[in-house]
Amino acid sequence: MQILYQTKIMKELSDICQNISVKTMEEEVSVKYKIKGETKENSKSCLTCDCHGVQGKLKVCCPFCNKPDGLSRIHKVLEGKCQLLASVLDTVNALVVVLDKEGKIIEFNKSCEKATGYCFNEVKGRNIFDLLLVSEEVDSVKVAFNKIKNGYFPNENENYWLTKQGLKRRITWSNTALTDTQGKVQYIIATGKDLTDQRAAEDELQNAIHQYLRIKNSLKESEKLAAIGLMSAGITHEIKNPLTVIQGFAQLIKKNVEGERVLQDYITTILEETNQAIRIINDFLKLARFREPVLTKQSVVKLMGEVRASIEPQALANNITLEYKGADILPECMFDKQQLKQVLINLCQNAIEAMTDGGILTLSSGSHCNDTFIEIKDTGRGIPCESLNKLGLPFFTTKEHGTGLGLNICYAIISAHNGRIEVDSREGQGSSFRVYLPVSA
Ligand SMILES: Nc1ncnc2c1ncn2[C@@H]1O[C@H](COP(=O)(O)OP(=O)(O)OP(=O)(O)O)[C@@H](O)[C@H]1O
Ligand SMILES: [Mg+2]
């Protein structure tokens, strides 16, 4: 800031010198000059300037006494220095702003112009609090400003500047003051660093770190789940063996207590419950042992024929009419035949179980956009709205003997085929499950 101080003094001196040098030797001149804001008058033939801050004491000799070209030489030197110091101020890689005691802008270097989009002429003499500060921060900045005015400096603060385009830039300031010979504050000088880009980069880094930690945690969770899955599959398998033994013995006992009704009832319950437990275990093991599909290009039409043949006897036994509306020709798709068949049979099974009083089960197929679809439609009881979003959740069932794993397996298989299942259902009217497979998968 010493530089700025000197620049101002030198500018003033330079002006004075200019004025004097045009006068003639015969004239008694009265020279008005201003140093550090103070107006002085000198009508003597010799002018002495005592400028603090300029190296040493500057004695300006009067041309009326001895050297007539003395002042113009000094004028040139001073002008050169002024230019040098002004360009130092403009090239310095910091925002430098000088304010008077009211907060009016006196100096505004190139870095300030670059940061705000305003040029010096646009801001000169304007109050910084009205022009560049955001309203929420005016009070806090005034506190720092008043402290300096009252002699408490240097100090530091951080605040936003509003650019000409209305954008906010975060700037950290180091503030000090210029005083007169009595130590009274004349100007407030703030040197700032624009933190906007640095803060944005820091925020980006923080977000990246958070994302990384989230992924790391979820990977840990998946590893844990995979380990639990493996462990429970092992345990389940071990439970299945004693259950099968219990089932076998229960059947033997049932044969041996044919005449005893109470025992028969007990054994029937034991058998029903063990059957149910074994069913749950089988489904769970199917889920746990879920393997990646082996995709080969094949015909959906042919597969539907096989599914139809598999479910026909069960449909007949339940008083259900089986209708087939498959397209004759469909583009071949990539799928795992065994897995897709399992899905379609599961869906048909659910449809049959939903039509307790008989009905119509329709199998159809077709193309939609780039997908091939297979639809299984029933005229059964339908699915209540509140249950629709639970479909596919493991163990969601409304059936007395259901495991709630059937649809979960279907969804997992179709998702591994890059396909999807869409459900449409109306309570009391029926449901349709559409399996979409990408043709190009
Ligand atoms: N076509 C359908 N009509 C009506 N409800 C259905 C139909 N398909 C599924 N649901 C409902 O979704 C639930 C879950 O079906 P999901 O196949 O997963 O299990 P589940 O059939 O109950 O038991 P399981 O594991 O033996 O198949 C069923 O209990 C039933 O309430
Ligand atoms: Mg089912």
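Rules behind the numbers
- Residues numbered from 1 in each chain as written.
- Chains lettered and ligands numbered in written order.
- Predicted model: local features only at pLDDT ≥ 70, side-chain atom pairs only at ≥ 80, totals over all residues.
- Heavy atoms only, no water.
- Near = heavy atom within 4 Å.
- Polar contact = N/O pair within 3.5 Å; in protein donor to acceptor, adjacent residues only side chain to side chain.
- Areas by Shrake-Rupley, 256 points an atom, 1.4 Å probe, with all protein chains shown as cover.
- Helix = DSSP H or I, 4+ residues; strand = E, 2+ residues; numbered from the N terminus.
- Nonpolar A, V, L, I, M, F, W, Y, C, P; charged D, E, K, R; others polar.
- Pairing = 2+ DSSP bridges.
- 1 Å grid on protein atoms, 1.4 Å probe; cavity = no way out; pocket = protein on both sides within 12 Å on 5 of 7 lines; lining within 4 Å.
- Points joined across faces, edges and corners; volume = space filled by probe spheres on them.
- Core = buried A, V, L, I, M, F, W, Y, C linked by side-chain atoms within 4.5 Å.
- Buried < 20%, exposed > 50% of the residue type's maximum accessible area, 1.4 Å probe, protein only.
- Contact = heavy atoms within 4.5 Å.
- Axes fitted to C-alpha atoms, helices over the stretch in contact; angles between N-to-C directions.

**Q** Any chance you could explain the site of ligand 1 here in plain terms?
**A** The environment of ligand 1 is formed by 21 residues, the closest being Asn350, Thr397, Thr398, Lys399 and Thr403. Between ligand 1 and the protein, one listed contact pairs an oxygen atom with a side-chain N or O atom of Arg279 at 3.2 Å. Between an oxygen atom of ligand 1 and a main-chain N or O atom of Gly404, the distance comes to 3.1 Å. Taking 590 Å² as the accessible area of ligand 1 by itself, protein coverage stands at 94%. Top contributing element to the shell around ligand 1 by residue count: helix 10 (residues 337-354), with three residues. Here the shell around ligand 1 is composed, by residue class, of eight nonpolar, nine polar and four charged.

**Q** Quick question: what am I supposed to make of the pairing of strand 7 (residues 185-194) here?
**A** Each regular strand carries side chains that alternate between the two faces of the sheet. Pairing of strand 3 (residues 95-99) with strand 7, which is carried by five bridges, proceeds in the antiparallel orientation. Counterpart to Val98 in the pairing with strand 7 is Ile189. Where strand 6 (residues 168-179) meets strand 7, nine bridges bridge the pair, whose relative direction is antiparallel. Residue Asn175 lies in a different strand from strand 7, and its bridge partner there is Ala190. Here strand 6 folds back onto strand 7, and the loop between the two strands holds five residues, one of which, Gly183, carries a positive phi near 85°.

**Q** Please explain the layout of surface pockets as it appears in this structure.
**A** Using a probe with the size of a water molecule, rolled over the atoms, empty space left in the structure can be pinpointed. Of the voids in this model, the largest pocket is the one considered here, and its volume is about 810 Å³. Residue lining of the largest pocket: 36 residues in total, with Asn350, Glu353, Thr397, Lys399 and Leu407 positioned closest to the centre. Sorting the residues of the lining of the largest pocket by element identifies helix 8 (261-288), helix 10, strand 12 (371-378), helix 12 (406-416) and strand 14 (430-438) as the ones contributing at least two each. Of the residues forming the lining of the largest pocket, the biggest block, nine residues, is contributed by helix 10.

**Q** Would you mind showing me how to read the nonpolar core here?
**A** When a protein is soluble and globular, its nonpolar side chains tend to lie buried together. Counting 33 residues, the largest nonpolar core has Leu340, Leu344, Leu347, Leu361, Leu363, Ile376 and Val435 as its most contacted members. Where this core is concerned, the elements lending two or more residues are helix 9 (300-317), strand 10 (333-335), helix 10, strand 11 (359-368), strand 12, helix 12 and strand 14. Setting aside residues no more than four positions away along its own chain, Val435 makes contact with Leu340, Val343, Leu344, Leu347, Thr372, Phe373, Ile374, Ile414, Arg420 and Ile421. By size, the runner-up hydrophobic cluster in this structure holds 25 residues, among which are Ala115, Val138, Ile148 and Ala177.

**Q** So what exactly am I meant to see when it comes to the sheet that holds strand 5 (residues 155-162) here?
**A** Sheet strands line up and pair through hydrogen bonds in the backbone, either parallel or antiparallel. One open sheet accounts for five strands, arranged 4-3-7-6-5; its pairing is antiparallel. Strands at the two margins of the open sheet, each flanked by one partner only, are strand 4 (105-108) and strand 5. Between one strand axis and the next, the sheet turns through 30° on average, direction left out of account. Inspection of the sheet shows strand 3 paired to strand 4 by three bridges, in the antiparallel sense. In the sheet register, Val98 faces strand 4, and the bridge partner there is Glu107.

Nothing here speaks to function; it is geometry throughout.
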